[in-house]
Amino acid sequence: MPVTILAIESSCDETSASVCVDGKILSNFIANQAIHERFGGVVPELASRAHMQNIVPVVSEALKTAGISPSGLDAIAFTQAPGLIGSLLVGSQFAKSMALGLGKPLIAVHHMQAHVLANLIPERRPSFPFLCLTVSGGHTQIVLCQSPSRLTILGETIDDAAGEAFDKSAKLLGLPYPGGPLIDKYAKTGNPDRFRFPEPKIAGLDFSFSGLKTSILYFLQNAGTSLVYKEEFRATEEERKTFIETNLPDICASIQQRIVTILLNKLKKAAEETGINELCLAGGVSANSGLRESFGQLGRDKGWNTYIPAFEYCTDNAAMIAITGYHKFLAGDFAPLSVGTAARAEF
Ligand code: KG4
Ligand code: ZN
């Protein structure tokens, strides 16, 4: 008997639903919330309200596209944690109501585990054990994945996430939120070796991006003359603006290159230390073209296998919840209807 799962993702500002049959994704419908752009970041209260409006049409669309009726479902999976609590509650209550109404089991999914397991969606997939660099707006982790249910964090950021590093740098450059994709766009025509931002010296496999952010702040305040703060280096507002306008592609390319080398140097270290040569990317920042290119190059240089999910499975989406839900279904890992949600949680 095929296993058919409906999955719901609502952890942040995307309302998404997906249907998968035996691990094959039949639909993955995502409603973005444009409302946050004008506030320069996600506003939790507005996100919850938008989920309330979106959830019924998004789930209906996912079922319709997949050609599956609710009675044909075997289980309902949903994102339980981590995320914005109000947003998580909308998806979890909807999933619970469906499970209760249909008399089907409920599957609670960890959002970060799902980002990693998005690598199991394509036909060309990594073999276990593999390492996954998960890079999103809220997380930066190197995860050892020994099976769909055995995941261990080997390293993570001690301050900002990689996506935040992109978005905060973009904000300093006067670019709108989320600035990551814009840095990527401008970097395409820039010289990445023009400006040299420092690489933090953090022991082990952990990451840090706050020092980079501070050096970019001073660099811009000084109109490119120095990376450190000194009153006499400080440029006027006019000089700062002109410097950014005339050098935007080179600044973006240099920032992007530094973020990418910080990420990949640690992933390389993890691969060398563990001897695992199956490497995956996950999370919204894996849409970054500089990261994708350098990641592929690292694999070719070292003879390692590299995997990146399709773009729609990298940013927040319900297909990754569905594939995780499918593996949990096979393992008989179901949740009671009383299960809660959590803003923070370990795998
Ligand atoms: O995984 P995601 O969609 O949401 C969560 O944070 O869970 O990741 C969003 C992050 C944002 O910080 C966004 O700026 C970044 O991914 N991002 C990018 C690119 N596309 C998305 N950063 C750099 N280059 C991109 N092309
Ligand atoms: Zn995410």
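These numbers were taken from a predicted model, which means no experiment stands behind them. (Residues numbered from 1 in each chain as written. Chains lettered and ligands numbered in written order. Predicted model: local features only at pLDDT ≥ 70, side-chain atom pairs only at ≥ 80, totals over all residues. Heavy atoms only, no water.)

Peer 1: When you look at the sheet that holds strand β7 (residues 140–147) in this model, what are you seeing that I'm missing?
Peer 2: Strand pairs in the sheet, formed through backbone hydrogen bonds, run parallel or antiparallel to each other. Strand order in the open sheet made by the five strands is β8-β7-β6-β9-β10, with mixed pairing throughout. The open sheet terminates on both sides in strands that have one partner only, identified here as β8 (150–156) and β10 (305–307). Going across the sheet, the axis of each strand differs from the next one's by a mean of 25°, ignoring polarity. Relative to β7, strand β6 (residues 130–135) runs antiparallel, the two being bridged by six bridges. The partner of Cys132 across the bridge, within β7, is Val143. Most of the contacts of helix α7 (residues 237–274) go to β6, to which it runs at about 160°, and overall it touches β6, β7, β8 and β9 (278–282). (Pairing = 2+ DSSP bridges. Helix = DSSP H or I, 4+ residues; strand = E, 2+ residues; numbered from the N terminus. Axes fitted to C-alpha atoms, helices over the stretch in contact; angles between N-to-C directions. Contact = heavy atoms within 4.5 Å.)

Peer 1: What is the right way to read the state of the cysteines from this model?
Peer 2: Linking two cysteines covalently via their sulfur atoms produces the bond known as a disulfide. Taken as a whole and assessed by the stated rule, the structure comprises zero disulfides. In this model Cys314 remains outside any disulfide bridge; the closest cysteine sulfur is found in Cys132, 9.4 Å from its own. Given a relative accessible area of 0%, Cys314 falls into the buried group. (Disulfide = S-S within 2.5 Å. Buried < 20%, exposed > 50% of the residue type's maximum accessible area, 1.4 Å probe, protein only.)

Peer 1: How should the coordination of the zinc ion (ligand 2) be read in this particular structure?
Peer 2: Put simply, a metal with four donors set out as a tetrahedron has ideal angles of 109.5 degrees, and one with six donors set out as an octahedron has ideal angles of 90 or 180 degrees. On the protein side, the zinc ion (ligand 2) has His111 (NE2), His115 (NE2) and Asp316 (OD) as donor atoms, found 2.1 to 2.2 Å from it. What the four donor atoms of the zinc ion (ligand 2) show is an angle range of 92 to 145° at the metal, which sorts the shape as irregular. Linear spacing of the donor residues for the zinc ion (ligand 2) on their chain is H-x3-H-x200-D. Linking His111 in helix α3 (residues 111–117) with Asp316 in the loop between α9 (311–314) and α10 (319–330), this pair joins segments that are 205 residues apart in sequence. Judged by relative accessible area, His111 falls into the buried class, the value being 5%. (Donors = N, O, S within 2.8 Å, 3.2 Å for Na, K, Ca; no water. Tetrahedral: all angles 85-135°; square planar, octahedral: opposite > 155°, others 65-115°.)

Peer 1: In this structure, what is going on with helix α1 (residues 44–66)? I would like to understand it.
Peer 2: Residues that lie three or four places apart on an α-helix share one face, since the helix turns once every 3.6 residues. Look at α1: 31 Å from first C-alpha to last across 23 residues, which is about the 33 Å you get at 1.5 Å a residue. When the local axis directions of α1 are compared, the greatest deviation, roughly 45°, occurs at Asn54, which is followed within four positions by the proline Pro57. Those residues of α1 lying buried are Ala47, Ser48, Ala50, His51, Asn54, Ile55, Val58, Val59, Ala62, Leu63 and Ala66. Those residues of α1 that are buried are in contact with β1 (4–9), β2 (14–21), β3 (24–32) and α2 (85–102). (Expected span 1.5 Å × (residues − 1). Bend = angle between axes of the 7 residues up to and from the residue.)

Peer 1: Would you take a moment to explain helix α5 (residues 180–187) for this structure?
Peer 2: Gly180, Ile183, Asp184 and Ala187 are the residues of α5 that are buried. The buried residues of α5 all sit within an arc of 100° when viewed along its axis, so they share a single face. Here the buried face of α5 lies against α4 (162–172), α7 and α8 (289–302). (Arc of directions from axis to C-beta.)

Peer 1: Would you mind showing me how to read the pattern of salt bridges here?
Peer 2: Pairing between side chains of opposite charge can happen when their charged atoms approach one another. Summed over the entire model, instances satisfying the criterion amount to 11 salt bridges. A salt bridge links Lys188 to Asp184; its shortest N-O distance comes to 3.8 Å. Its relative accessible area of 60% is what places Lys188 among the exposed residues. Bridged by salt links that share partners, the residues Asp160, Glu164, Lys168 and Lys213 form one connected network. (Salt bridge = Lys/Arg side-chain N within 4 Å of Asp/Glu carboxyl O.)

Peer 1: Sorry, what's going on with the sheet that holds β3 here?
Peer 2: An order of β3-β2-β1-β4-β5 is seen for the five strands of this open sheet, with the pairing classed as mixed. At either end of the open sheet lies a strand with only one pairing partner, and these are β3 and β5 (106–110). On average, adjacent strands in this sheet sit at an angle of 20° to one another, irrespective of strand direction. Relative to β2, β1 runs antiparallel, the two being bridged by six bridges. Residue pairing for β2: Ile5 is matched across the bridge by Cys20. Packed on one face of the sheet, α1 meets β1, β2 and β3 and runs near 25° to β2. In the packing of α2 onto the sheet, contacts are made with β1, β4 (75–81) and β5, and the angle to β4 comes to roughly 155°.

Peer 1: Sorry, what's going on with the packing of aromatic side chains here?
Peer 2: Any aromatic ring pair is given by two values, namely how distant the centres are and how the planes are angled relative to each other. Evaluation of the coordinates by the stated rule reveals seven aromatic pairs. The interplanar angle of 65° and the centroid separation of 5.0 Å between the aromatic rings of Phe195 and Phe219 together place this pair among those described as edge-to-face. Note that Phe195 is positioned in the loop between α5 and α6 (210–221) and Phe219 in helix α6, a separation of 24 residues in sequence. Judged by its relative accessible area of 11%, Phe195 falls in the buried class. (Phe/Tyr/Trp six-rings, centres within 6.5 Å; stacked < 30°, edge-to-face > 60°.)

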